[in-house]
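Okay, here's what each chain looks like letter by letter:
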Amino acid sequence: MRLRRLLTYFAGLVGLMASTGAAQAAPEDPLQRVVYHIDAADPERQRAALRIVRNHLNDVGDEHLDIRVVIQGNGVSMLVLPDSDGAAADALPGHADDRVQVGIEDLKIRGVTFHVCRNSLTRRNVDALNRLYDVGPDDLVDSGLAEIVRLQGDGYTYIKP
Amino acid sequence: MSIDEIDLNAYVDGELSHDQEAEVLEAMRDNPELAQQICQLGQLKAQMRIAYANPPQPDRGSMRRVGRSWRAVAAGGAMLSVGLLAGWIMNGNQPGTAEHNRFVVLDPEGRGQAPAVAADDETRILFHLTNADPMVAGELLDEVETMLQAYEADGRPLRVEVVSHSDGLELLRQSLTVHESRIQELAGDYDNLTFVACKNTINRLRVDHGIEVQLVPDAEVTDSGVSHVVRRQQQGWSYIRV
(Lines give C-alpha, C1' and ligand atoms only; values in the text may rest on other atoms or scores of the structure.)
Protein backbone atom coordinates (compact mmCIF):
# COMPACT_ATOMS: atom_id res chain seq x y z
CA MET A 1 0.00 0.00 0.00
CA ARG A 2 2.68 2.36 1.01
CA LEU A 3 4.65 1.26 -2.02
CA ARG A 4 1.76 2.03 -4.35
CA ARG A 5 1.39 5.51 -2.89
CA LEU A 6 5.06 6.05 -3.30
CA LEU A 7 4.88 4.90 -6.92
CA THR A 8 1.96 7.21 -7.61
CA TYR A 9 3.86 10.08 -6.09
CA PHE A 10 6.91 9.22 -8.14
CA ALA A 11 4.88 8.94 -11.37
CA GLY A 12 3.31 12.31 -10.62
CA LEU A 13 6.71 13.83 -10.08
CA VAL A 14 8.01 12.42 -13.37
CA GLY A 15 4.90 13.67 -15.15
CA LEU A 16 5.36 17.13 -13.67
CA MET A 17 8.99 17.21 -14.70
CA ALA A 18 8.10 16.04 -18.21
CA SER A 19 5.41 18.67 -18.64
CA THR A 20 7.72 21.38 -17.32
CA GLY A 21 10.39 20.19 -19.73
CA ALA A 22 7.94 20.18 -22.62
CA ALA A 23 6.80 23.67 -21.76
CA GLN A 24 10.38 24.86 -21.77
CA ALA A 25 11.19 23.05 -25.00
CA ALA A 26 8.20 24.45 -26.88
CA PRO A 27 9.34 27.75 -28.37
CA GLU A 28 7.04 30.65 -27.70
CA ASP A 29 7.86 32.06 -31.11
CA PRO A 30 7.98 29.44 -33.85
CA LEU A 31 9.31 31.95 -36.38
CA GLN A 32 12.60 30.90 -37.97
CA ARG A 33 14.88 33.87 -38.55
CA VAL A 34 17.42 33.34 -41.28
CA VAL A 35 19.85 35.60 -43.11
CA TYR A 36 21.06 34.47 -46.51
CA HIS A 37 24.32 35.92 -47.82
CA ILE A 38 24.80 36.25 -51.57
CA ASP A 39 28.23 37.46 -52.72
CA ALA A 40 29.01 35.15 -55.65
CA ALA A 41 29.83 36.62 -59.04
CA ASP A 42 28.65 33.52 -60.89
CA PRO A 43 25.08 33.95 -62.23
CA GLU A 44 24.51 30.22 -61.86
CA ARG A 45 25.26 30.42 -58.16
CA GLN A 46 23.14 33.54 -57.81
CA ARG A 47 20.12 31.79 -59.32
CA ALA A 48 20.82 28.73 -57.19
CA ALA A 49 20.71 30.91 -54.08
CA LEU A 50 17.24 32.21 -55.00
CA ARG A 51 16.14 28.63 -55.60
CA ILE A 52 17.42 27.56 -52.19
CA VAL A 53 15.53 30.35 -50.45
CA ARG A 54 12.37 29.36 -52.33
CA ASN A 55 12.78 25.73 -51.30
CA HIS A 56 13.29 26.82 -47.72
CA LEU A 57 9.94 28.66 -47.84
CA ASN A 58 8.27 25.63 -49.44
CA ASP A 59 9.63 23.32 -46.78
CA VAL A 60 8.98 25.38 -43.66
CA GLY A 61 6.06 27.53 -44.79
CA ASP A 62 6.03 31.27 -45.49
CA GLU A 63 4.27 32.06 -42.22
CA HIS A 64 7.00 30.38 -40.16
CA LEU A 65 9.90 32.24 -41.70
CA ASP A 66 11.49 35.65 -41.45
CA ILE A 67 14.07 35.59 -44.23
CA ARG A 68 16.52 38.36 -45.03
CA VAL A 69 18.72 38.19 -48.11
CA VAL A 70 21.86 40.31 -47.96
CA ILE A 71 23.37 40.95 -51.38
CA GLN A 72 26.94 42.16 -51.20
CA GLY A 73 30.32 42.13 -52.96
CA ASN A 74 30.26 40.50 -56.38
CA GLY A 75 26.73 39.32 -55.64
CA VAL A 76 25.32 42.75 -56.56
CA SER A 77 25.61 41.84 -60.25
CA MET A 78 22.55 39.66 -59.63
CA LEU A 79 20.47 42.83 -59.37
CA VAL A 80 22.06 44.72 -62.28
CA LEU A 81 19.77 44.91 -65.30
CA PRO A 82 21.40 43.48 -68.41
CA ASP A 83 22.19 46.06 -71.12
CA SER A 84 20.66 48.82 -69.07
CA ASP A 85 20.69 52.31 -70.54
CA GLY A 86 23.65 54.47 -69.84
CA ALA A 87 25.84 51.59 -68.80
CA ALA A 88 29.47 52.09 -69.71
CA ALA A 89 31.14 49.49 -71.89
CA ASP A 90 33.26 48.30 -68.98
CA ALA A 91 30.33 48.29 -66.59
CA LEU A 92 29.51 45.36 -64.34
CA PRO A 93 27.71 42.66 -66.34
CA GLY A 94 24.06 42.50 -65.39
CA HIS A 95 22.53 39.21 -64.36
CA ALA A 96 19.03 40.43 -63.55
CA ASP A 97 17.40 38.68 -66.50
CA ASP A 98 13.77 37.56 -66.63
CA ARG A 99 14.41 34.42 -64.60
CA VAL A 100 16.16 36.33 -61.83
CA GLN A 101 13.48 39.05 -61.81
CA VAL A 102 10.67 36.50 -61.49
CA GLY A 103 12.61 34.70 -58.75
CA ILE A 104 13.15 37.88 -56.73
CA GLU A 105 9.56 39.04 -57.23
CA ASP A 106 8.24 35.68 -56.03
CA LEU A 107 10.34 35.81 -52.88
CA LYS A 108 9.32 39.39 -52.12
CA ILE A 109 5.63 38.48 -52.44
CA ARG A 110 6.25 35.66 -49.97
CA GLY A 111 7.67 38.06 -47.41
CA VAL A 112 11.41 37.88 -48.00
CA THR A 113 13.30 41.14 -47.39
CA PHE A 114 16.33 42.07 -49.49
CA HIS A 115 19.19 44.24 -48.24
CA VAL A 116 21.64 45.56 -50.82
CA CYS A 117 25.12 46.77 -49.87
CA ARG A 118 25.75 50.37 -50.83
CA ASN A 119 29.52 50.06 -50.36
CA SER A 120 29.65 47.24 -52.89
CA LEU A 121 27.68 49.28 -55.45
CA THR A 122 29.84 52.35 -54.94
CA ARG A 123 33.05 50.35 -55.41
CA ARG A 124 31.73 49.05 -58.72
CA ASN A 125 30.34 52.40 -59.86
CA VAL A 126 26.83 51.03 -60.09
CA ASP A 127 24.05 53.59 -60.07
CA ALA A 128 21.84 51.90 -57.50
CA LEU A 129 18.51 53.34 -58.45
CA ASN A 130 18.83 53.29 -62.23
CA ARG A 131 20.74 50.14 -63.07
CA LEU A 132 19.27 47.77 -60.51
CA TYR A 133 16.10 45.71 -60.67
CA ASP A 134 13.50 46.89 -58.16
CA VAL A 135 15.82 48.39 -55.56
CA GLY A 136 14.61 51.46 -53.68
CA PRO A 137 16.37 53.61 -51.10
CA ASP A 138 14.88 51.51 -48.30
CA ASP A 139 16.46 48.37 -49.70
CA LEU A 140 19.98 49.76 -49.34
CA VAL A 141 22.22 49.31 -46.31
CA ASP A 142 25.58 51.04 -45.91
CA SER A 143 27.46 47.79 -45.39
CA GLY A 144 26.07 44.37 -46.20
CA LEU A 145 28.58 42.63 -43.92
CA ALA A 146 27.73 44.90 -40.99
CA GLU A 147 24.05 44.17 -41.66
CA ILE A 148 24.75 40.43 -41.45
CA VAL A 149 26.56 40.93 -38.14
CA ARG A 150 23.64 42.98 -36.84
CA LEU A 151 21.09 40.35 -37.92
CA GLN A 152 23.11 37.53 -36.36
CA GLY A 153 23.16 39.56 -33.16
CA ASP A 154 19.36 39.69 -33.38
CA GLY A 155 19.18 35.90 -33.55
CA TYR A 156 19.13 35.30 -37.30
CA THR A 157 20.83 32.12 -38.45
CA TYR A 158 23.45 32.66 -41.13
CA ILE A 159 23.35 30.67 -44.36
CA LYS A 160 25.68 31.17 -47.27
CA PRO A 161 24.35 29.14 -50.19
CA MET B 1 46.13 0.39 -47.78
CA SER B 2 47.89 3.31 -46.20
CA ILE B 3 44.84 4.80 -44.59
CA ASP B 4 46.68 5.07 -41.31
CA GLU B 5 49.14 7.42 -42.87
CA ILE B 6 46.47 9.81 -44.02
CA ASP B 7 45.54 12.36 -41.46
CA LEU B 8 41.85 11.77 -40.88
CA ASN B 9 41.60 15.19 -39.32
CA ALA B 10 42.65 16.60 -42.65
CA TYR B 11 39.99 14.49 -44.30
CA VAL B 12 37.31 15.86 -42.00
CA ASP B 13 38.51 19.37 -42.83
CA GLY B 14 38.34 18.68 -46.56
CA GLU B 15 42.05 19.29 -46.91
CA LEU B 16 43.10 16.09 -48.65
CA SER B 17 43.97 15.71 -52.32
CA HIS B 18 41.44 14.02 -54.57
CA ASP B 19 43.48 10.83 -54.58
CA GLN B 20 43.74 10.69 -50.81
CA GLU B 21 40.09 11.55 -50.44
CA ALA B 22 39.12 8.76 -52.82
CA GLU B 23 41.29 6.40 -50.80
CA VAL B 24 39.55 7.37 -47.58
CA LEU B 25 36.13 7.01 -49.19
CA GLU B 26 37.03 3.57 -50.50
CA ALA B 27 38.31 2.53 -47.09
CA MET B 28 35.11 3.80 -45.48
CA ARG B 29 33.04 1.66 -47.85
CA ASP B 30 34.92 -1.45 -46.85
CA ASN B 31 35.11 -0.60 -43.19
CA PRO B 32 31.94 0.66 -41.51
CA GLU B 33 33.79 1.09 -38.26
CA LEU B 34 36.18 3.51 -39.89
CA ALA B 35 33.26 5.38 -41.43
CA GLN B 36 31.69 5.62 -38.00
CA GLN B 37 34.93 6.93 -36.54
CA ILE B 38 35.28 9.58 -39.21
CA CYS B 39 31.70 10.65 -38.69
CA GLN B 40 32.27 10.88 -34.96
CA LEU B 41 35.50 12.72 -35.52
CA GLY B 42 33.66 15.35 -37.51
CA GLN B 43 31.16 15.88 -34.73
CA LEU B 44 33.64 15.64 -31.94
CA LYS B 45 36.00 18.10 -33.55
CA ALA B 46 33.18 20.55 -33.27
CA GLN B 47 32.12 19.69 -29.77
CA MET B 48 35.11 18.51 -27.82
CA ARG B 49 37.56 21.16 -28.82
CA ILE B 50 35.31 23.62 -27.08
CA ALA B 51 36.16 21.94 -23.84
CA TYR B 52 39.81 21.90 -24.85
CA ALA B 53 39.89 18.16 -24.45
CA ASN B 54 41.70 15.76 -26.73
CA PRO B 55 39.59 14.76 -29.71
CA PRO B 56 39.66 10.96 -29.89
CA GLN B 57 42.19 9.83 -32.43
CA PRO B 58 40.86 7.44 -35.02
CA ASP B 59 42.30 4.05 -34.26
CA ARG B 60 41.00 1.47 -36.66
CA GLY B 61 40.34 -2.05 -35.58
CA SER B 62 40.70 -1.09 -31.99
CA MET B 63 39.55 -3.55 -29.35
CA ARG B 64 40.75 -1.42 -26.49
CA ARG B 65 38.01 1.14 -26.16
CA VAL B 66 37.93 0.99 -22.39
CA GLY B 67 41.66 1.44 -22.11
CA ARG B 68 41.57 4.33 -24.54
CA SER B 69 38.81 6.17 -22.80
CA TRP B 70 40.61 5.82 -19.47
CA ARG B 71 43.67 7.31 -21.04
CA ALA B 72 41.58 10.14 -22.45
CA VAL B 73 40.09 10.85 -19.04
CA ALA B 74 43.52 10.80 -17.46
CA ALA B 75 44.92 13.03 -20.19
CA GLY B 76 41.98 15.40 -19.82
CA GLY B 77 42.49 15.56 -16.09
CA ALA B 78 46.18 16.19 -16.52
CA MET B 79 45.51 18.94 -19.05
CA LEU B 80 42.98 20.52 -16.76
CA SER B 81 45.49 20.59 -13.92
CA VAL B 82 48.15 22.07 -16.15
CA GLY B 83 45.69 24.65 -17.44
CA LEU B 84 44.56 25.62 -13.95
CA LEU B 85 48.13 25.85 -12.74
CA ALA B 86 49.21 27.87 -15.75
CA GLY B 87 46.26 30.19 -15.38
CA TRP B 88 47.01 30.67 -11.71
CA ILE B 89 50.69 31.36 -12.37
CA MET B 90 49.98 33.74 -15.26
CA ASN B 91 47.41 35.63 -13.26
CA GLY B 92 49.82 35.98 -10.43
CA ASN B 93 52.81 37.01 -12.45
CA GLN B 94 51.38 39.16 -15.19
CA PRO B 95 48.95 41.64 -13.79
CA GLY B 96 46.99 43.76 -16.23
CA THR B 97 47.99 41.95 -19.39
CA ALA B 98 44.87 42.76 -21.33
CA GLU B 99 46.83 43.03 -24.54
CA HIS B 100 47.61 39.34 -24.26
CA ASN B 101 44.12 38.78 -25.53
CA ARG B 102 45.10 40.38 -28.76
CA PHE B 103 45.84 37.06 -30.36
CA VAL B 104 43.95 33.85 -30.24
CA VAL B 105 46.76 32.17 -28.41
CA LEU B 106 47.12 28.77 -30.00
CA ASP B 107 49.16 25.97 -28.60
CA PRO B 108 51.04 23.61 -30.94
CA GLU B 109 48.02 21.36 -31.11
CA GLY B 110 45.78 24.18 -32.27
CA ARG B 111 43.72 24.51 -29.13
CA GLY B 112 42.98 28.04 -28.14
CA GLN B 113 44.33 29.10 -24.79
CA ALA B 114 42.61 32.43 -24.68
CA PRO B 115 38.96 31.77 -25.40
CA ALA B 116 37.11 34.76 -26.66
CA VAL B 117 35.16 35.30 -23.51
CA ALA B 118 34.93 39.00 -23.18
CA ALA B 119 32.65 41.68 -21.90
CA ASP B 120 29.10 40.91 -22.91
CA ASP B 121 28.72 43.96 -25.07
CA GLU B 122 31.74 43.14 -27.21
CA THR B 123 30.92 42.35 -30.82
CA ARG B 124 33.00 39.45 -32.11
CA ILE B 125 33.14 38.70 -35.82
CA LEU B 126 34.89 35.90 -37.64
CA PHE B 127 35.42 36.22 -41.37
CA HIS B 128 36.11 32.85 -42.95
CA LEU B 129 38.01 33.56 -46.15
CA THR B 130 38.08 30.73 -48.69
CA ASN B 131 38.20 32.81 -51.85
CA ALA B 132 41.55 33.34 -53.59
CA ASP B 133 40.46 36.41 -55.54
CA PRO B 134 42.64 39.36 -54.38
CA MET B 135 39.81 41.76 -55.16
CA VAL B 136 37.44 39.90 -52.86
CA ALA B 137 40.09 39.87 -50.13
CA GLY B 138 40.76 43.57 -50.69
CA GLU B 139 37.10 44.38 -50.40
CA LEU B 140 36.97 42.36 -47.19
CA LEU B 141 39.90 44.34 -45.75
CA ASP B 142 38.09 47.57 -46.67
CA GLU B 143 34.96 46.43 -44.87
CA VAL B 144 36.93 45.23 -41.85
CA GLU B 145 38.75 48.55 -41.60
CA THR B 146 35.49 50.49 -41.86
CA MET B 147 34.00 48.40 -39.07
CA LEU B 148 37.06 48.79 -36.86
CA GLN B 149 36.99 52.55 -37.38
CA ALA B 150 33.26 52.84 -36.73
CA TYR B 151 33.36 50.79 -33.53
CA GLU B 152 36.40 52.67 -32.28
CA ALA B 153 34.78 56.02 -33.01
CA ASP B 154 31.66 54.97 -31.09
CA GLY B 155 33.68 53.49 -28.25
CA ARG B 156 32.07 50.08 -28.77
CA PRO B 157 34.28 47.03 -28.19
CA LEU B 158 34.92 44.82 -31.22
CA ARG B 159 37.07 41.83 -32.04
CA VAL B 160 37.64 40.60 -35.57
CA GLU B 161 39.36 37.49 -36.84
CA VAL B 162 40.07 36.73 -40.48
CA VAL B 163 40.60 32.99 -40.87
CA SER B 164 42.31 32.13 -44.16
CA HIS B 165 41.56 28.63 -45.24
CA SER B 166 41.87 26.57 -48.41
CA ASP B 167 42.21 28.93 -51.42
CA GLY B 168 41.72 31.85 -49.06
CA LEU B 169 45.20 31.20 -47.62
CA GLU B 170 46.64 33.24 -50.51
CA LEU B 171 45.86 36.40 -48.56
CA LEU B 172 48.45 35.42 -45.96
CA ARG B 173 51.08 33.85 -48.24
CA GLN B 174 54.03 36.16 -48.55
CA SER B 175 54.79 35.19 -52.15
CA LEU B 176 51.21 35.53 -53.40
CA THR B 177 49.42 38.21 -51.45
CA VAL B 178 49.05 41.68 -52.86
CA HIS B 179 47.90 42.96 -49.49
CA GLU B 180 50.95 42.42 -47.27
CA SER B 181 51.55 46.06 -46.42
CA ARG B 182 47.84 46.57 -45.86
CA ILE B 183 47.71 43.63 -43.46
CA GLN B 184 50.75 44.94 -41.61
CA GLU B 185 49.18 48.38 -41.34
CA LEU B 186 45.83 47.07 -40.10
CA ALA B 187 47.38 44.63 -37.64
CA GLY B 188 49.62 47.42 -36.37
CA ASP B 189 46.77 49.88 -35.98
CA TYR B 190 44.23 47.54 -34.44
CA ASP B 191 45.01 45.25 -31.52
CA ASN B 192 41.55 43.76 -31.86
CA LEU B 193 42.19 42.36 -35.33
CA THR B 194 43.80 38.96 -35.89
CA PHE B 195 44.76 37.11 -39.05
CA VAL B 196 44.71 33.33 -38.71
CA ALA B 197 46.05 30.77 -41.20
CA CYS B 198 44.91 27.15 -41.41
CA LYS B 199 47.74 24.68 -40.81
CA ASN B 200 45.96 21.85 -42.58
CA THR B 201 45.96 23.94 -45.74
CA ILE B 202 49.66 24.67 -45.28
CA ASN B 203 50.42 20.97 -44.79
CA ARG B 204 48.38 20.00 -47.84
CA LEU B 205 50.33 22.42 -50.01
CA ARG B 206 53.58 20.87 -48.75
CA VAL B 207 52.49 17.26 -49.25
CA ASP B 208 50.66 17.66 -52.54
CA HIS B 209 52.64 20.38 -54.26
CA GLY B 210 55.95 20.52 -52.44
CA ILE B 211 55.29 24.14 -51.48
CA GLU B 212 56.78 25.48 -48.26
CA VAL B 213 54.34 28.21 -47.36
CA GLN B 214 55.80 31.43 -46.00
CA LEU B 215 53.22 33.47 -44.15
CA VAL B 216 53.18 37.21 -43.73
CA PRO B 217 54.62 38.16 -40.32
CA ASP B 218 51.28 39.16 -38.85
CA ALA B 219 49.61 35.79 -39.37
CA GLU B 220 48.82 33.40 -36.55
CA VAL B 221 48.38 29.69 -37.24
CA THR B 222 45.61 27.34 -36.17
CA ASP B 223 45.69 23.58 -36.68
CA SER B 224 42.38 23.35 -38.43
CA GLY B 225 40.56 26.30 -39.93
CA VAL B 226 37.27 24.47 -39.81
CA SER B 227 37.55 23.55 -36.13
CA HIS B 228 38.51 27.11 -35.34
CA VAL B 229 35.47 28.43 -37.15
CA VAL B 230 33.15 25.99 -35.39
CA ARG B 231 34.64 26.83 -32.00
CA ARG B 232 34.19 30.54 -32.54
CA GLN B 233 30.58 30.15 -33.57
CA GLN B 234 29.89 28.07 -30.49
CA GLN B 235 31.47 30.84 -28.44
CA GLY B 236 28.90 33.21 -29.87
CA TRP B 237 30.90 34.92 -32.57
CA SER B 238 29.18 36.26 -35.65
CA TYR B 239 30.27 34.28 -38.66
CA ILE B 240 30.60 35.43 -42.27
CA ARG B 241 32.03 33.33 -45.06
CA VAL B 242 33.79 35.25 -47.77
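Along every chain, residues carry numbers that run from 1 in the direction the sequence is written. Lettering for chains starts from A, numbering for ligands starts from 1, and both go in the order in which the items are written. Only residues with pLDDT of 70 or above have their local features reported here, since the model is predicted, and side-chain atom pairs are shown and tallied only from 80 upward, although totals for entire chains, interfaces and linings are computed over all residues. To obtain the side-chain values, all non-hydrogen atoms of the structure were included, while hydrogens and water were left out.

Visitor: I keep staring at the environment of Y190 of chain B and nothing clicks. Help me out?
Guide: Residues and elements named next belong to chain B. Secondary structure elements follow DSSP: runs of H or I of four or more residues count as helices, runs of E of two or more count as strands, with numbering from the N terminus. Positionally, Y190 belongs in the loop between α6 (180-189) and β3 (193-198). Along the backbone, Y190 and V160 are 30 residues apart, and their C-alpha atoms lie at a distance of 9.6 Å. With near-sequence residues (within four places) excluded, Y190 lies in contact with L148, Q149 and E152. When checking whether two residues touch, look at their non-hydrogen atoms; a contact exists if any pair is within 4.5 Å.

Visitor: Just to check I follow, could you spell out the pairing of strand β2 (residues 158-164) of chain B for this structure?
Guide: Each regular strand carries side chains that alternate between the two faces of the sheet. Residue and element names in this part refer to chain B. The element β2 is largely enclosed, with a buried count of seven among its seven residues. Throughout, exposure labels follow a simple rule: accessible area from a 1.4 Å probe, protein chains only, divided by the maximum for the residue type, with under 20% read as buried, over 50% as exposed, and the rest as partly exposed. Alternating positions in β2 separate into two faces, L158, V160, V162 and S164 on one and R159, E161 and V163 on the other, with burial throughout. Handedness of the crossover is the feature at issue here: the chain leaves strand β1 (residues 123-129), passes through helix α5 (residues 134-154), returns alongside β2, and the resulting connection is right-handed. Two strands pair under a simple rule: DSSP has to find at least two bridges between them. Pairing geometry for β2 and β3, over five bridges, is parallel. Bridge pairing links V162 to F195 in β3. Here the term right-handed applies to a crossover when the path leading from its first strand over the helix to its second strand runs clockwise, the strands being oriented away from the viewer.

Visitor: Would you mind going over unusual backbone geometry with me for this structure?
Guide: Keep in mind that most residues, glycine aside, have a negative phi and that most peptide bonds are trans. Not every positive phi belongs to a glycine, and D134 of chain A is a case in point at roughly 50 degrees. Tracing the sequence through the fold places D134 of chain A in the loop between α5 (128-131) and β4 (140-141). A positive phi angle, near 55 degrees, is found at S166 of chain B, a position not held by glycine. Within the secondary structure, S166 of chain B is located in the loop between β2 and α6.

Visitor: Sorry if this is basic, but what is going on with the packing of aromatic side chains here?
Guide: The geometry of an aromatic ring pair is captured by the separation of the ring centres together with the interplanar angle, meaning the angle of the planes. To pair, rings of Phe, Tyr and Trp, with the six-membered ring standing in for Trp, must have centres within 6.5 Å; the planes then decide the type, stacked if under 30 degrees apart, edge-to-face if over 60, and tilted in the middle. Counting across every chain of the model gives one aromatic pair over all chains. Ring centres of Y158 of chain A and Y239 of chain B lie 5.6 Å apart, and the angle between their planes is 90 degrees; on these two criteria the pair is classed as edge-to-face. Here the residue Y158 of chain A occupies a position in strand β5 (residues 157-159), and Y239 of chain B occupies one in strand β5 (residues 238-241), the pair thus bridging two chains. Residue placement shows R156 of chain B over the ring face of Y151 of chain B; its charged tip is 4.1 Å from the ring centre. Each ring is checked for a lysine NZ or an arginine CZ that lies within 6 Å of its centre and within 35 degrees of its normal; such an atom marks a charge sitting over the ring.

Visitor: Sorry if this is basic, but what is going on with the sheet that holds strand β2 (residues 65-71) of chain A here?
Guide: Two pairing modes exist for strands in a sheet, parallel and antiparallel, and in both the strands are linked by backbone hydrogen bonds. Residue and element names in this part refer to chain A. Here we have five strands laid out as an open sheet, ordered β4-β3-β2-β1-β5, and parallel in their pairing. Since the sheet does not close on itself, it has two edges, and those belong to β4 and β5, each with one partner. Where β2 lies against strand β3 (residues 113-117), four bridges are found, and the strand directions are parallel. When the sheet's bridge partners are listed, R68 is paired in β3 with T113.

Visitor: It is not clear to me how the interface of chain A and chain B should be interpreted in this structure. Could you clarify?
Guide: The parts lose accessible area when they come together, and the size of an interface is often stated as this lost area. The interface of chain A with chain B comprises 17 residues on the first partner and 16 residues on the second. Buried surface at the junction of chain A and chain B, summed over both partners, amounts to about 1200 Å²; 55% is from carbon and sulfur atoms. The term salt bridge refers to a side-chain nitrogen of Lys or Arg lying within 4 Å of a carboxyl oxygen of Asp or Glu. At the junction of chain A with chain B, the criterion picks out four salt bridges. We note a salt bridge from E139 of chain B to R123 of chain A, for which the minimum N-O separation is 3.0 Å. Polar contact criterion, stated in full: a pair of N or O atoms within 3.5 Å, where within protein one must be able to donate a hydrogen and the other to accept it, and residues adjacent in sequence count only if both atoms are side-chain atoms. Viewed at the interface, chain B and chain A are joined by eight residue pairs in polar contact (both at pLDDT 80 or more). The element best represented in the side of chain A that touches chain B is helix α6 (residues 144-153) of chain A, accounting for five residues. Class assignment for the residues of the side of chain A that touches chain B results in six nonpolar, seven polar and four charged. A simple way to read buried area is as the amount of 1.4 Å-probe accessible surface that goes missing from two parts once joined, with both sides added. Amino acids are sorted into nonpolar (Ala, Val, Leu, Ile, Met, Phe, Trp, Tyr, Cys and Pro), charged (Asp, Glu, Lys and Arg) and polar (every other residue, Gly among them).

Visitor: What exactly am I supposed to notice about the pattern of salt bridges here?
Guide: Oppositely charged side chains can pair when the atoms bearing their charge come close. Under the criterion given, the structure shown has 19 salt bridges over all chains. The shortest N-O distance in the salt bridge between D62 of chain A and R110 of chain A comes to 2.9 Å. Here D62 of chain A, found in the loop between α2 (43-60) and β2, pairs with R110 of chain A, found in the loop between α3 (98-109) and β3; they are 48 residues apart in sequence, far enough to count as distant. Members of the salt-bridge network, linked through shared partners, are R123 and R124 of chain A together with E139, D142, E143, E145 and R182 of chain B.

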